[in-house]
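Here is what each chain is made of, one letter per residue.
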2 protein chains.
Amino acid sequence: MHGAHSLVQTLADNGVEVCFVNPGTTESHLLDAFEQVKTIRPILGLFEAVCTGAADGYARMTGRPAATVMHHGAGLSYGIPNLHNAKRARSPVVNIVGDNTTAHLKFDPPLASDIEALARTVGWVRTCRSAADTGATAAAALAAARSYPAQIATIVLPADCAWDEGGVPARVAPPAARARPAADTVTAVGRVLASKEPTILYLGGEALTEKGLRLAGRIAKATGARVMANRVNPRTQRGAGRLIIERLPYQPAAALKMVGDARHMILIGARAPISFYAWPGQTRSQLYPEHCQVQVLADEAADSVAALEALASEVRATEACLPVDERRVPPLPSGELTLERLWQSLNHLMPEQSIISDEGISSSRMGGEWTMGAAPHDWLNLSGGAIGQGMTVATGAAVACPGRKVFSVQSDGAGVFAPQALWTQAREKLDVVTIIFANRSYKILQAEFKTAMGSDPGPRVKALLDLHNPHLDWVQLAQGFGVAATRATTAEEFNRQLAAAIQGSGPHLIEALI
Amino acid sequence: MHGAHSLVQTLADNGVEVCFVNPGTTESHLLDAFEQVKTIRPILGLFEAVCTGAADGYARMTGRPAATVMHHGAGLSYGIPNLHNAKRARSPVVNIVGDNTTAHLKFDPPLASDIEALARTVGWVRTCRSAADTGATAAAALAAARSYPAQIATIVLPADCAWDEGGVPARVAPPAARARPAADTVTAVGRVLASKEPTILYLGGEALTEKGLRLAGRIAKATGARVMANRVNPRTQRGAGRLIIERLPYQPAAALKMVGDARHMILIGARAPISFYAWPGQTRSQLYPEHCQVQVLADEAADSVAALEALASEVRATEACLPVDERRVPPLPSGELTLERLWQSLNHLMPEQSIISDEGISSSRMGGEWTMGAAPHDWLNLSGGAIGQGMTVATGAAVACPGRKVFSVQSDGAGVFAPQALWTQAREKLDVVTIIFANRSYKILQAEFKTAMGSDPGPRVKALLDLHNPHLDWVQLAQGFGVAATRATTAEEFNRQLAAAIQGSGPHLIEALI
């Protein structure tokens, strides 16, 4: 058994089922391993960011790591932005990066670079020392990826370690149980809630799944606490029948206003909120006032659902909470295609258990409000701010959840960073409906420029924030990648195209001119 | 003057004329600086690899650095593969990477990452400490970029250093003269050549420009030495009237056969040749036999043209050398479109002083042979093996050399890593003719798999190396990015389309089905 075989065998034997692959010459034996190990499904990506983003999407929907294959440090570099997003989403991912033989590396051949240094910027890394070592390294990587909180784990595989015989598959110990809050922590939080001082339950991670939300709603009902979350979250279960939570706005002043006079903030699966950027004149990064006491019931490593269960029991919260969202089907919109109408149409048409991969940037800001009352669905946000996530996470989510419709709602400026994801969607016949918000500009940057500078941009800057010259033709781009595509210029056209895309199977893209 | 202004002013005052920009919100003040400093031309790229690759192409053609603007570590990561190529090409580049304010970074906001660690993998890096420090940091970066050999220099610009007042532009000392070989080194090399033992002049860097080649040819004529170079070089001047040099083949066995019984190898602007990869069973990385003595006349930092001048004088080489290439216009091909006919057509039609940006991978292997006798031109190879270079370097070369035709000869598998370069070509109306070698497969990987494994791939691997399902439609992709495009299926169609593209102005893409 060659080293690459034992590496892949170890991943397969321990539950890894999917590998997103962008191979190079150095990875021949890794490819051969997929011929030997049939229980891993290799899925080709034309560009590394597709592979890493898809692994993130897969992990968000399953809680389990997918693997990726990339070529040397250059390939890994293209994959890093979406690994950064995965790291912020606390998604487990195992990367395999091929490298030159150790002997050849001494001569500094053209592709040589510091792969470990690159990988370390997003998490755990180890280089295989021999073919006999690849199984153990894969096991260590998988254990690291599955630790709490989850990690990005990168295996560097020198070519000789891949092709030499003597590989030994290894076993991975099952992950330890997640930490639960100590009894006195639960008691202390219960005492805060009993004080009736204004308190916020601040949720993140699995606390934002249906089960967590139900518990949080009961606690809120019993104690009067508010339930709040970050503006962006790796995965939120929402829609009809689920607790409506308050989400912090993007602008710090608005966020602080929402938090208001809260005296306590209880963190449950979340870090304390901070603003995305700091802007000129901003004096505070934290999105809660100084007098607000932050307490950790469950950090990002802990079992936040178990923590909510313990707290619900402590405060005797048995009654269901209102307001939960109720199904209210808005009418299909008509007339000019505005952002609101577009979201309204999606709200009307999207089936139960849809998944929304959201990289709509400025066009998504009101998306949450405009999909109130929609059928139950999962919402996946841009977690780390690294552009190029949307279509790739949609791809991985669709691989993870066959039978569910995935809506990839996508700004045009950000969508053009990794449009190659469309090709993988076509190849794998994934049920992804991409909606391009074609405003043909860096709209968020126009707004940010004004905020930062206190004035409108001059002509040279304006030109740099405008994407009209030439405009991207998303119908042609999608078709170029093998995905059927249409363009909508009115609400009626959009309704019709969206309904047809939902009715059909396989990927479809709609360029919505807004 | 705010810090971003003094940074850009420093670059402009010291000769930087072009900046390839992919901005984010953090870079508002940098954008504003382009409004203040009109002598720098900001050129928008939709994706960071376009910016860094274009800066590389610009530097290869001018010898001078362009700047780039990227957004945080995530943006830099997308730019790293082409910075890796630029580093291998010894191209000077100055990157400006925006970051959070120092105070805000303490809270580990979503986009925070270790930018310095990322940048260090490709070269020099420094983080600005204050607005007053940005000019000095820019000056240091520019000096680092322009040192010998040239470097990739990255400036990290925290937002507060950009927006605070108190910026001070700085001056950069002119670069020191490049090193010339010591007299006794020249004498020693002269003695080797006088010995009449088989000797190779191994050229790199500026030794491959017209002037260097003329000198090398005279030395070869006077001494009987052979003139050789790497298979890939950042820039080679070739075509009619220029010295024909031997280029080492890709396969180590063939390369060693070409070097043959050489007893001496004289390095002039080049590193000693090593193989691109090591393959199973390969025992030697160096592409010269053990008995061959390697001597350095000029390393990559030295003035290789001056070194050739000194050596020519030492060996009294005054006579012009044969064989120089002679203009022989091949007939326009007809019939089925084969690789050879495609190159023959290019050879026939391309005007003098064309520039070829070559990321043809397997389709380019015979490109050199098939363009013998072409009009004088510059050839830019994939320097560091990081895929996604071709169209981006073509973009930068066209910016650097208005009035010259740029041919971007591009494999389809590699072209899809950074096709966004086409958009910048359309926006800037650059004279780039892209030729896609559409073989719809990872042909190089199919060959490499066989070499590495000693057998043909099985069905699962075959599927991973095939790009037919679905195939990329390059005509639609190009048009999606705003570039006129046509498809050629016969030699006649290709001839006609290429002639029209050369006749026209602005970018054009031809998808050649081979």
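About the thresholds
- Residues numbered from 1 in each chain as written.
- Chains lettered and ligands numbered in written order.
- Predicted model: local features only at pLDDT ≥ 70, side-chain atom pairs only at ≥ 80, totals over all residues.
- Helix = DSSP H or I, 4+ residues; strand = E, 2+ residues; numbered from the N terminus.
- Contact = placed C-beta atoms within 7 Å.
- Buried ≥ 20, exposed ≤ 12 C-beta atoms within 10 Å, placed from the backbone.
- Pairing = 2+ DSSP bridges.
- Right-handed = clockwise from strand over helix to strand, strands pointing away.
- Domains from an automatic or database assignment.
- Nonpolar A, V, L, I, M, F, W, Y, C, P; charged D, E, K, R; others polar.
- Axes fitted to C-alpha atoms, helices over the stretch in contact; angles between N-to-C directions.
- Parallel < 35°, antiparallel > 145°, perpendicular 65-115°, else oblique.
- Left-handed = near helix turned anticlockwise from the far one by under 90°.
- Core = buried A, V, L, I, M, F, W, Y, C linked by C-beta atoms within 7 Å.
- Least-squares fit on C-alpha atoms with pLDDT ≥ 70 in both.

J.: Just checking my understanding: could you explain the overall build of chain A for this structure?
T.: The secondary structure content of chain A amounts to 21 helices and 18 strands. Each of the three principal axes of chain A carries a C-alpha extent, and together these read 65 × 60 × 45 Å. For chain A, the share of sequence-separated contacts (at least 6 apart) that also reach a separation of at least 24 residues comes to 82%.

J.: Looking at this model, I keep getting lost on the pairing of strand E6 (residues 152-158) of chain A. Mind explaining?
T.: Where a strand is regular, its side chains alternate between the two sheet faces. Residues and elements named next belong to chain A. Counting buried positions along E6 yields 7 of 7 residues, so the element is predominantly enclosed. Side chains Ile 152, Thr 154, Val 156 and Pro 158 project from E6 onto one buried face, and the interleaved Ala 153, Ile 155 and Leu 157 project onto a second face that is buried too. Sheet topology places strand E4 (residues 93-99) next to E6; 7 bridges connect them, and they run parallel. The residue of E6 that forms the bridge with Val 93 is Ile 152. With 5 bridges connecting them, strand E5 (residues 123-127) and E6 associate as parallel partners. Opposite Thr 127, over in E6, you have Val 156 as the bridge partner. Read from E5 through helix H7 (residues 134-145) to E6, the crossover connection turns out right-handed.

J.: What is the right way to read the environment of Ala136(A) from this model?
T.: Checked against the element boundaries, Ala136(A) lands in helix H7. Along the primary structure Ala136(A) and Ala74(A) are separated by 62 residues, whereas in three dimensions their C-alpha atoms are 25 Å apart.

J.: Got a minute to help me understand the domain arrangement of chain A in this structure?
T.: Interfaces are frequently sized by the accessible area removed from exposure as the parts join. All names here are of chain A. The domain architecture assigned to chain A consists of domain 1 (3-163), domain 2 (183-314) and domain 3 (339-513). In this structure, domain 2 and domain 3 have C-alpha centres spaced 29 Å apart. On the side of domain 3, 15 residues touch domain 2, which itself brings 15 residues to the contact. The element contributing the most residues to the side of domain 2 that touches domain 3 is strand E9 (residues 236-238), with 3 residues. When the residues that make up the side of domain 2 that touches domain 3 are grouped by side-chain class, the tally is 6 nonpolar, 5 polar and 4 charged.

J.: Hey, could you run me through the sheet that holds strand E16 (residues 432-438) of chain B in this one?
T.: Pairing between sheet strands relies on hydrogen bonds along the backbone, with the strands arranged either parallel or antiparallel. All names here are of chain B. In space, the 7 strands of this open sheet follow the order E9-E14-E13-E15-E16-E18-E17, with mixed pairing throughout. Each end of this open sheet is capped by a strand with a single partner; those strands are strand E9 (236-238) and strand E17 (484-488). Neighbouring strand axes in the sheet, compared pairwise and without regard to direction, differ in orientation by 20 degrees on average. Helix H15 (residues 390-400) contacts strand E13 (354-359), strand E14 (377-381), strand E15 (406-411) and E16 of the sheet and is inclined by roughly 175 degrees relative to E15.

J.: Is there a simple way to think about unusual backbone geometry in this case?
T.: Peptide bonds are mostly trans, and most non-glycine residues show a negative phi. Between Tyr148(A) and Pro149(A) the backbone carries a cis peptide bond, its omega angle lying at -10 degrees. Here Pro149(A) lies in the loop between H7 and E6. Non-glycine residue Gln353(B) carries a positive phi angle of around 65 degrees. The phi torsion at Arg440(B) lies on the positive side, around 55 degrees, for a residue other than glycine.

J.: In this structure, what is going on with the packing of helix H9 (residues 183-194) of chain B against helix H12 (residues 304-314) of chain B? I would like to understand it.
T.: Two packed helices can be described by the angle between their axes and the distance between those axes. Residue and element names in this part refer to chain B. At a minimum axis separation of 9 Å, H9 and H12 run at an interaxial angle of 55 degrees. In this view, H9 runs oblique relative to H12, as classed from their interaxial angle. Considering only the axes of H9 and H12, their crossing is right-handed. Across the interface between the two elements, Val 186, Thr 187, Val 189 and Gly 190 from H9 touch Ala 310, Leu 311 and Glu 314 from H12. The class makeup of the residues in the contact of H9 with H12 is 4 nonpolar, 2 polar and 1 charged.

J.: Looking at this structure, how should I read the nonpolar core?
T.: Grouped burial of nonpolar side chains is what soluble globular proteins tend to show. Membership of the largest hydrophobic core comes to 278 residues, with the highest contact counts inside it found for Ala512(A) and Ala512(B). For Ala512(A), the contacting residues outside a window of four places in its chain are Leu337(A), Leu342(A), Ile435(A), Ile436(A), Phe437(A), Ala438(A), Ala488(A) and Phe494(A).

J.: Would you explain the sheet that holds strand E13 (residues 354-359) of chain A in this entry?
T.: Residue and element names in this part refer to chain A. Sheet architecture is open: 7 strands sit in the order E9-E14-E13-E15-E16-E18-E17, paired in mixed fashion. The open sheet is flanked by E9 and strand E17 (484-488), the only strands paired with a single partner. Taking each pair of neighbouring strands and ignoring which way they run, the sheet shows an average axis angle of 20 degrees. Across 6 bridges, the pairing between strand E16 (residues 432-438) and strand E18 (residues 508-513) is parallel. Of the residues in E18, the one forming a bridge with Ile 436 is Glu 511.

J.: Could you clarify how one ought to interpret the interface of chain B and chain A in this entry?
T.: The interface is formed by 74 residues belonging to chain B together with 73 residues belonging to chain A. Considering only residue class, the side of chain B that touches chain A consists of 43 nonpolar, 22 polar and 9 charged.

J.: Looking at this structure, I do not really get the relation of the copies chain B and chain A. What am I missing?
T.: Superposition of the two copies of the chain requires a rotation about an axis together with a shift along that axis. For the match of chain B to chain A, the screw axis carries a shift of 0.0 Å, the RMSD comes to 0.0 Å, and the turn is 180 degrees. Expressed as a symmetry operation, the mapping of one chain copy onto the other fits a two-fold axis. The fraction of interface residues of chain B whose copies in chain A are also interface residues reaches 99%, indicating that both copies meet through the same surface.

J.: Looking at this structure, I do not really get the environment of Lys450(B). What am I missing?
T.: Residue and element names in this part refer to chain B. Here Lys 450 is to be found in helix H18 (residues 443-453). Exposure remark for Lys 450: the 13 C-beta atoms within 10 Å place this residue in the partly exposed category. What Lys 450 contacts, discounting residues up to four positions off in sequence, is Ser 455 and Asp 456.

J.: Mind showing me how you'd approach the environment of Ser334(B) here?
T.: As for its position among the elements, Ser334(B) is in the loop between H12 and helix H13 (339-349). Contact partners of Ser334(B), with chain neighbours within four places excluded, come to Ala491(B) and Glu492(B).

J.: How do you make sense of the pairing of E15(B) when you look at a structure like this?
T.: Residues and elements named next belong to chain B. Among the 6 residues in E15, 6 count as buried, and that is most of the element. Going residue by residue along E15, you find Val 406, Ser 408 and Gln 410 tucked away on one face and Phe 407, Val 409 and Ser 411 tucked away on the opposite face as well. Judged from the 5 bridges that link them, E13 and E15 form a sheet pairing that is parallel. Across the sheet, Ser 357 pairs through a bridge with Ser 408, a residue of E15. Inspection of the sheet shows E15 paired to E16 by 6 bridges, in the parallel sense. The partner of Ser 408 across the bridge, within E16, is Thr 434.

J.: Is there a simple way to think about the packing of helix H18 (residues 443-453) of chain A against helix H2 (residues 28-36) of chain B in this case?
T.: Running from N to C, H18(A) and H2(B) point in directions that differ by 85 degrees, and their axes come no closer than 9 Å. By the angle between their axes, H18(A) is roughly perpendicular relative to H2(B). Where H18(A) approaches H2(B), its residues Glu448(A), Phe449(A), Ala452(A) and Met453(A) are matched on the opposing element by Ser28(B), His29(B), Leu31(B) and Asp32(B). Residues that form the contact of H18(A) with H2(B) fall into these classes: 4 nonpolar, 2 polar and 2 charged.

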